[in-house]
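# Structure at a glance
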Amino acid sequence: MTMEKSFNVAVVGATGAVGQQILKVLEDRNFPVRQLKPLASARSAGKTVQFQGKKYVVEEATPDAFKGVDIALFSAGGSVSKKLVPEAVKRGAVCVDNTNAFRMEPDVPLVVPEVNADKIFEHEGLIANPNCSTIQMVAALKPIKDRYGINRIIVSTYQAVSGAGYEAMEECLRQTRAVLDNEPVNPDILPVGSLPRKHQIAFNAVPQIDVFEENDFTREEMKMVNETKKIFDDQNIKVSATCVRLPVITGHSEAVYVETDEDFDVNDVRNLLREAPGIVVQDNPAEQEYPLATDAAGKLDVFVGRIRRDVENPRGLHLWVVSDNLLKGAAWNTVQIAEHLITKM
Ligand code: NAP
Ligand code: 12T
């Protein structure tokens, strides 16, 4: 971005897996940062982070840290957002929040720019960034929904450990080495750090992301259900999800099945997706070409392939959707929202 104006930007959770990617995306996109304020817990105060080739000292995130901040990007967990977003707003900052804290509040826009950028400017100081798994799915389905209508979505996810933070990434690598060395794996973080029971992630597939809700779906699964309805502004669309953690470091993959309202031609779907912003089609079975997490890692786009009509249902469409969960799933979507915001600041 090239702009005359520049902005004081706070990154809350700057030392974390998402926060580090936010710093990188701000830098890569040439976001007009006047002054960067990296914030984290008291544990990190005094440490430094790198931005544009310079070192910045991390400060503790406190209410007064937001004095003079124009834009605050939050990725330090829901409880930090619940406490500090109102303080930042009170001090005049516009916040983009990556956590689950405010996503379903009726007055808070929940935005994936390719789908509902128009909602950004309805904010009252806060815009919520959806869950990573939801973002890449709705970005891929938006053109299909607009053209054919969608009445039902059934999705299974294959999610990377980096979605659960640095400690989960390290745990996956440590356990992998332990298995290869015939050592005990000692599960410590996954599936959910705050729950007492832990499971091995190395060489495994764990059907639990986030805590269980009363209906026996996990919270991650219910985020996909509820957030999809809100982002598409369609309470009638039926969504159900099974979310699974794999020993993949970066890149969420999703098997998405949709039932359309109108008949479709599969080649038209492919072309529609080819023209869609932020979407890259990789779909050539003859050449064994399809999206892979290893190719998507480090890229901003959402990759779609394995596009095919269901064998039994003529209005059933299958897709394989892959994206970097820390980029489009978190840091890039957040910075993209901020890029829209500053066009009117
Ligand atoms: P992470 O690697 O564990 O990093 C956590 C970050 O939060 C660190 O910078 C940490 O600072 C900071 N933090 C922790 N407690 C804090 C406190 N009391 N006050 C201020 N800062 C505090 O986790 P992550 O993967 O980056 O995720 C961070 C949060 O982002 C998650 O909890 C989640 O809410 C959200 N997230 C959203 C998506 C999405 O789907 N859009 C994806 C991933 C994560 P220290 O270094 O000082 O501990
Ligand atoms: N538990 O932003 O564990 O609601 O992968 C994102 C990712 C919560 C969120 C994960 C999580 C969120 C995870």
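Up top is the structure these notes are about.
Now for a quick tour of the structure. Predicted model only: the values in this text are computed from it and were never measured.

### Let's talk about the overall build of the protein chain
A count of helical and extended segments in the protein chain gives nine helices and 14 strands. Dimensions of the protein chain along its principal axes, counting C-alpha atoms only, are 60 × 55 × 40 Å. The 345 residues of the protein chain split such that 54% are buried. Separation between the mean location of the 39 positive side-chain charges and that of the 48 negative ones in the protein chain comes to 4 Å.

### Considerations on the sheet that holds strand 11 (residues 252-260)
Taken together, the six strands give an open sheet; going across it, the order is 10-9-11-14-13-12, and neighbouring strands pair in mixed fashion. At either margin of the open sheet sits one strand with a lone partner, and together these are strand 10 (238-245) and strand 12 (279-281). Recorded for the sheet is a direction-independent mean angle of 20° between the axes of neighbouring strands. As paired strands, strand 9 (residues 150-159) and strand 11 are joined by eight bridges and run antiparallel to one another. When the sheet's bridge partners are listed, Arg 152 is paired in strand 11 with Glu 259. In this fold helix 4 (residues 132-148) packs onto strand 9, strand 11, strand 12, strand 13 (302-309) and strand 14 (316-323), with an angle of close to 30° to the strand it touches most, strand 11. Contacts between helix 7 (residues 266-275) and the sheet are confined to strand 12, strand 13 and strand 14, with strand 13 contributing the most and set at about 170° to the helix.

### Section: the sheet that holds strand 5 (residues 59-60)
Sheet architecture is open: six strands sit in the order 5-2-1-6-7-8, paired in parallel fashion. Each of the sheet's edge strands pairs with one partner strand only, and the pair in question is strand 5 and strand 8 (126-128). Two elements, strand 2 (residues 33-40) and strand 5, share two bridges in a ladder whose sense is parallel. Of the residues in strand 5, the one forming a bridge with Ala 40 is Glu 60. Across the sheet, helix 9 (residues 327-342) touches strand 1 (7-12), strand 6 (71-74), strand 7 (94-97) and strand 8, and the angle it forms with strand 7 is around 155°.

### Here we look at the side chain of Asp 283
By secondary structure assignment, the location of Asp 283 is in the loop between strand 12 and helix 8 (293-296). Of the residues examined, Asp 283 reaches a relative accessible area of 11% and is grouped as buried. A distance of 2.7 Å separates a polar atom in the side chain of Asp 283 from a polar atom in the side chain of Arg 270. Within polar-contact distance, the side chain of Asp 283 engages the backbone nitrogen of Arg 306 at 3.1 Å. With residues up to four places along the chain from it excluded, the contact list for Asp 283 reads Arg 270, Glu 289, Gly 305, Arg 306 and Ile 307.

### Considering the site of ligand 1
By nearness alone, 25 residues border ligand 1, and Thr 15, Ser 41, Ser 44, Asn 98 and Cys 132 come closest of all. Taking Ala 17, its main chain carries an N or O atom lying 2.9 Å from an oxygen atom of ligand 1. Contact between ligand 1 and Gly 329: a nitrogen atom at 3.0 Å from a main-chain N or O atom of the residue. Relative to its unbound accessible area of 920 Å², ligand 1 is 76% covered by the protein chains.

### Things to note about the nonpolar core
One finds Leu 141 and Leu 319 to be the most contacted residues of the largest nonpolar core, which totals 59 residues. Top element by residues in this core is helix 4. It accounts for eight residues. Filtering out sequence-adjacent residues up to four positions away, Leu 141 remains in contact with Ile 150, Ile 153, Phe 232, Val 256, Val 258 and Leu 319.

### A closer look at the packing of helix 4 against helix 6 (residues 219-231)
In contact at an axis separation of 9 Å, helix 4 and helix 6 are set at 45° when each is read in the N-to-C sense. Classified by the angle their axes make, helix 4 and helix 6 are oblique. In this structure, helix 4 crosses over helix 6, and the sense of that crossing is right-handed. Listed contacts from helix 6 to Cys 132, Ser 133, Thr 134, Met 137 and Val 138 of helix 4 are Glu 220, Lys 223, Met 224, Glu 227, Thr 228 and Ile 231. For the contact of helix 4 with helix 6, a count of residues per class yields five nonpolar, three polar and three charged.

### A word on the site of ligand 2
If you check the shell around ligand 2, you find Asn 98, Asn 100, Arg 103, Asn 131, Gly 163, Ala 164, Ile 209, Asp 210, Glu 220, Lys 223 and Arg 245 and nothing else. At 2.7 Å from an oxygen atom of ligand 2 is found a side-chain nitrogen or oxygen belonging to Lys 223. Taking Arg 245, its side chain carries an N or O atom lying 2.7 Å from an oxygen atom of ligand 2. Across the shell around ligand 2, the residue classes break down as two nonpolar, four polar and five charged.

What counts, and at which threshold
Residues numbered from 1 in each chain as written. Chains lettered and ligands numbered in written order. Predicted model: local features only at pLDDT ≥ 70, side-chain atom pairs only at ≥ 80, totals over all residues. Heavy atoms only, no water. Helix = DSSP H or I, 4+ residues; strand = E, 2+ residues; numbered from the N terminus. Buried < 20%, exposed > 50% of the residue type's maximum accessible area, 1.4 Å probe, protein only. Lys, Arg positive; Asp, Glu negative; His and termini not counted. Charge placed at Lys NZ, Arg CZ, Asp CG, Glu CD. Pairing = 2+ DSSP bridges. Axes fitted to C-alpha atoms, helices over the stretch in contact; angles between N-to-C directions. Contact = heavy atoms within 4.5 Å. Polar contact = N/O pair within 3.5 Å; in protein donor to acceptor, adjacent residues only side chain to side chain. Near = heavy atom within 4 Å. Areas by Shrake-Rupley, 256 points an atom, 1.4 Å probe, with all protein chains shown as cover. Core = buried A, V, L, I, M, F, W, Y, C linked by side-chain atoms within 4.5 Å. Parallel < 35°, antiparallel > 145°, perpendicular 65-115°, else oblique. Left-handed = near helix turned anticlockwise from the far one by under 90°. Nonpolar A, V, L, I, M, F, W, Y, C, P; charged D, E, K, R; others polar.

Any functional reading would require information beyond the geometric quantities listed.
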